[in-house]
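# Descriptive analysis of the structure
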Amino acid sequence: MKTATQTHSTRQHILDIGYKLIIAKGFTCMGLAQLLKAADVPKGSFYHYFKSKEQFGEALITAYFEQYQENLDALFANSRLSGYDRLMSYWQNWLSIQADACVEQKCLVVKLSAEVADLSEAMRMALLKGSAAVIGRLSACIETGISDGSVAAQEPQSSAEMLYHMWLGASLMNKLGHSPAAMERALITTRSLLQFNALP
């Protein structure tokens, strides 16, 4: 009988392999047989953890956002940086990851949003819930920046939503054009929105 640790490890292994395949091929193009072969697990093991491919996709999105939010919380908790510097570190990291074709840690939201929005209600809601949580953290950090004087006065929630949506769009254009130009422009716009008298 498997221990709780082994069970978690096997489930996480399937999620990790599935993430890499989906980032490379997309959700619909990733066949279950391909996933099982890449993960080196029998079909029975997959269905022990996930009732269907759709539930697997939902679990993958949830796990992705849990890790994403942990990383974001660690960055935004760095009191040695101003609110502005914490925010700009986040966007700079986003640009470097999305612009690097060799980096595996691509944004799952960019990859799946258009693909699964009409395909799976459960996956759509998992993406929406995760994105809302990220926007909430961005809003709180903008508020921190306003309080410490590093970010220009503005409505934090509206700015967080606009910036997050802008970066998702810029990332999509990066995929289409194979060029980071859209994200570089997004970085300039982000800087000008957040900072007092910011210069490009």
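Our subject is the structure that appears above.
In short, a report on the structure. Since the structure is predicted, the reported quantities are computational estimates derived from the model, not experimental observations.

Turning our eyes to something else, we now look at the overall build of the chain. Assigned secondary structure in the chain consists of nine helices and zero strands. Projected onto its principal axes, the C-alpha positions of the chain cover 60 × 40 × 30 Å. The proportion of buried residues among the 200 residues of the chain is 42%. Sequence separation of 24 or more characterises 67% of the internal contacts of the chain that already satisfy a separation of 6 or more.

Scanning all chains against the criterion turns up two salt bridges. D73 is paired through a salt bridge with R137; the nearest N and O atoms lie 2.7 Å apart. With D73 in helix α4 (residues 53-76) and R137 in helix α7 (residues 121-148), this pair connects stretches of sequence that are 64 residues apart. Among the residues examined, D73 registers a relative accessible area of 35% and is labelled partly exposed. One salt bridge connects R124 with E121, and the closest N-O pair in it is separated by 2.7 Å.

For the rest of this paragraph, the subject is the packing of α4 against helix α5 (residues 83-99). To characterise two packed helices, one gives the angle between the axes of the helices and the distance between these axes. It is the contact of α4 with α5, at a shortest axis distance of 9 Å, that shows an interaxial angle of 140°. With respect to α5, the axis of α4 lies oblique. Note on packing geometry: the crossing formed by α4 with α5 is right-handed. In this structure, α4 uses Y68, L72, L75 and F76 to contact α5, whose residues at the interface are R86, L87, S89, Y90 and W94.

As a further point, take the nonpolar core. Counting residues in each nonpolar core, the largest one holds 59 residues, and the members touching the most others are F56, Y90, W91 and Y164. Looking at this core, the element that brings in the most residues is α4, giving nine residues. Residue contacts for F56: discarding those within four places in its chain leaves I14, L15, G18, I22, M30, L35, F46 and F50.

Summed over all chains, the structure comprises 17 aromatic pairs. Both rings, one in F46 and one in F56, keep their centres 5.8 Å apart while their planes meet at 50°; by these two values the pair is tilted. Placement of F46 in helix α3 (residues 43-49) and of F56 in helix α4 is noted, with a sequence separation of 10 residues between them. The structure contains a cluster of three or more aromatic residues connected by ring pairs, namely Y19, Y64, F65, Y68, F76, Y90, W91, W94, Y164 and W167. Positioned above the aromatic ring of F27 is the side chain of K53, whose terminal nitrogen or guanidinium carbon lies 4.6 Å from the ring centre.

Moving on: the environment of G145. Relative to the assigned elements, G145 resides in helix α7. In this structure, the C-alpha to C-alpha distance between G145 and L81, residues 64 residues apart in sequence, is 9.8 Å.

What follows covers the environment of S131. Here S131 lies in helix α7. Between the C-alpha atom of S131 and that of K175, which follows or precedes it by 44 residues, the distance is 20 Å. What S131 contacts, discounting residues up to four positions off in sequence, is F65, V109 and Y164.

Listing the buried residues of helix α2 (residues 32-39) in full gives L32, L35, L36 and A39. Around the axis of α2, the buried residues are gathered within 95° of arc, so they sit on the same side. When the buried face of α2 is taken as reference, the exposed residues oriented beyond 90 degrees from it are A33 and K37. Among the residues trailing α2, D40 stands out with phi positive, at a value near 60°.

Rules and cut-offs
Residues numbered from 1 in each chain as written. Predicted model: local features only at pLDDT ≥ 70, side-chain atom pairs only at ≥ 80, totals over all residues. Heavy atoms only, no water. Helix = DSSP H or I, 4+ residues; strand = E, 2+ residues; numbered from the N terminus. Buried < 20%, exposed > 50% of the residue type's maximum accessible area, 1.4 Å probe, protein only. Contact = heavy atoms within 4.5 Å. Salt bridge = Lys/Arg side-chain N within 4 Å of Asp/Glu carboxyl O. Axes fitted to C-alpha atoms, helices over the stretch in contact; angles between N-to-C directions. Parallel < 35°, antiparallel > 145°, perpendicular 65-115°, else oblique. Left-handed = near helix turned anticlockwise from the far one by under 90°. Core = buried A, V, L, I, M, F, W, Y, C linked by side-chain atoms within 4.5 Å. Phe/Tyr/Trp six-rings, centres within 6.5 Å; stacked < 30°, edge-to-face > 60°. Lys NZ or Arg CZ within 6 Å of the ring centre and 35° of its normal. Arc of directions from axis to C-beta.

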